[in-house]
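In case you want the letters, here they are:
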Amino acid sequence: MHSRKLITSAGTVSLVTGALLVGMIAGPTAAAGSGHTDIDHLVGVGRFDTASSAIPTAAQPTATDRVDATAHAGRNAPKSVASAVATSNCDGCQGTATTFQVVYVDGSGPALADNTATAWSSCVSCGASSVSVQLVVVRRAQTITVNNRALALNVTCTGCSTSAAAIQFVIAGGNRRELSAQAHALIDQIQTELAASIAPAPQSNSRRLATPQLESLATQAADRLQNIIVSGTGAASVQRSIDLKLGG
């Protein structure tokens, strides 16, 4: 998927196709695990990572990981990366990973926001599901390049259910309201519901929904997320991107 370059000003977002910005700059990482992480200030570093990772094993056939992190990125922190990865390679196993990252970009220089959801299965009657949601709030007029993509793969897989959904929101300008703890909780709930609905348990393969129905579920979830974000931040407009992939 091509990256998108957003030229922002107060209350407006215009979309321009752009080349992917590359380069890895060390910065703090929100470690995988259930819970919520708040980073009040992100200054003097070049990258903010938030990642969830669910990898079931024969000893623990069901693995779930959820991460919810928030940061204020200053002028020296131009890159934010959110990812959710679920991998299942043991028979009868199920992995589910969900990530929610909120980044308030307070600087005025160019910035990059990257959101990815990846699911991988290689086993019998197993499954993997990932949902990554990224919210980028741009405070000042600036250029931001955003990437949003999902990947789901079945490799040497029998009776598998593998899915990945990446949903990204970008808000430009507006007031300085931030999402409440209640809003975060609602968003986490919607993500968990979406991850379960787009990847039913492997034993339910016969009742698996068709691709148009799964796409509709992802869109409905994005609508619900957007309503919470708009209400919570007081944003006048939101730029949204959805990418859903199913393992084949």
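Residues numbered from 1 in each chain as written. Predicted model: local features only at pLDDT ≥ 70, side-chain atom pairs only at ≥ 80, totals over all residues. Heavy atoms only, no water.

## Points about the state of the cysteines
Defined simply, a disulfide is a covalent bond joining two cysteines at their sulfur atoms. To keep it simple, the criterion reads: Counting rule for disulfides: a pair of cysteine sulfur atoms within 2.5 Å. Accessible area is worked out with a 1.4 Å probe on protein chains only. A residue is then buried under 20% of its type maximum, exposed over 50%, and partly exposed in between.
Scanning all chains against the criterion turns up 3 disulfides. Between the sulfur atoms of Cys 90 and its disulfide mate Cys 93 the distance is 1.9 Å. Between Cys 90 and Cys 93, the S-S torsion sits near -120°, and that sign places the bridge as left-handed. With relative accessibility at 1%, the residue Cys 93 sits in the buried group. Across the disulfide, Cys 123 is cross-linked to Cys 126 (sulfur-sulfur distance 1.8 Å).

## Re unusual backbone geometry
Convention followed: The helix count covers DSSP runs of H or I at least four residues long, the strand count covers runs of E at least two residues long, and both are numbered beginning at the N terminus.
The phi angle at Ser 125 is positive, at roughly 50°, despite the residue not being glycine. If you trace the backbone, Ser 125 turns up in the loop between β9 (111-121) and β10 (127-138). For Ser 125, a relative accessible area of 36% puts it in the partly exposed group. The backbone phi angle of Thr 156 is positive, close to 50°, even though this residue is not glycine. Tracing the chain through its elements places Thr 156 in the loop between β11 (142-154) and β12 (161-172).

## Here's the deal with the side chain of Gln 168
Here Gln 168 lies in strand β12. Residue Gln 168 is classed as buried on the basis of its relative accessible area of 1%.

## So, helix α1 (residues 181-198)
Selection criterion: Given a helix with a known number of residues, its expected span is that number minus one, times 1.5 Å. The arc in question is traced by the directions running from the helix axis to the C-beta atoms.
Taking 1.5 Å of rise per residue, 18 residues should cover 26 Å, and α1 covers 26 Å from first to last C-alpha, within 8% of that figure. Among the residues of α1, Ala 183, His 184, Ile 187, Asp 188, Ile 190, Gln 191, Leu 194, Ala 195 and Ile 198 are the ones counted as buried. Across the axial projection of α1, the buried residues extend over an arc of 165°, all falling on one side. Exposed positions of α1 whose direction lies more than 90 degrees from the buried face are Ala 181 and Gln 182.

## Re the packing of α1 against helix α2 (residues 211-233)
Rule in force here: For helices, the fitted axis covers only the stretch in contact; all axes are lines through C-alpha atoms, and the angles between them, taken along N-to-C directions, range from 0 to 180 degrees. In these notes the angle categories are as follows: under 35 degrees is roughly parallel, over 145 is roughly antiparallel, 65 to 115 is roughly perpendicular, and the rest is oblique. By definition, residues are in contact when any of their heavy atoms lie within 4.5 Å. Under the scheme applied here, ten amino acids are nonpolar (Ala, Val, Leu, Ile, Met, Phe, Trp, Tyr, Cys and Pro), four are charged (Asp, Glu, Lys and Arg), and all others, including Gly, are polar.
Taken N-terminus to C-terminus, the directions of α1 and α2 make an angle of 180°; their axes are 10 Å apart at the nearest point. Taken together, the axes of α1 and α2 are roughly antiparallel relative to one another. Residues Ala 183, Leu 186, Ile 187, Ile 190, Glu 193, Leu 194, Ser 197 and Ile 198 of α1 lie in contact with α2, whose contacting residues are Leu 214, Leu 217, Ala 218, Ala 221, Arg 224, Leu 225, Ile 228 and Ile 229. A breakdown of the residues in the contact of α1 with α2 according to their chemical character gives 13 nonpolar, 1 polar and 2 charged.

## Regarding the confidence of the model for the protein
This is how it is decided: You can read pLDDT as the predictor saying how much it trusts each residue, on a scale of 0 to 100.
Across the protein, the average pLDDT comes to 79, with 73% of residues at 70 or higher. Under a pLDDT of 50 for its full length, residues 1-36 has, in the predicted model, 103 contacts with residues more than four places off or in other chains. In this model residues 39-44 is a low-confidence stretch, pLDDT under 50, and it forms 14 contacts with partners more than four residues away in sequence or in other chains.

## With respect to the nonpolar core
To be explicit about the condition: Within this scheme, the nonpolar core is defined by two criteria: the residues are buried Ala, Val, Leu, Ile, Met, Phe, Trp, Tyr or Cys, and they are joined through side-chain atoms within 4.5 Å.
Judged by nonpolar contacts, the single largest core of 28 residues is most densely connected at Leu 135, Phe 169, Leu 179 and Leu 194. Looking at this core, the elements that each hand over two or more residues are β8 (94-105), β10, β12, α1 and α2. When residues in this core are grouped by element, the largest group, 7 residues, is from α2. Core analysis: the second largest hydrophobic core is formed by 13 residues, Phe 48, Ala 111, Val 136 and Val 146 among them.

## Here we look at the pattern of salt bridges
Filter applied, for reference: Salt bridge, as applied in this entry: a Lys or Arg side-chain nitrogen positioned within 4 Å of an Asp or Glu carboxyl oxygen.
Enumeration according to the criterion identifies 5 salt bridges in this entry. A salt bridge links Asp 188 to Arg 66, with the nearest nitrogen and oxygen atoms 3.0 Å apart. Of the two residues, Asp 188 is situated in helix α1 and Arg 66 in strand β6 (residues 62-73); the sequence distance between them amounts to 122 residues. Where Asp 243 meets Lys 245, a salt bridge forms, and the shortest distance between an N and an O atom there is 2.6 Å.

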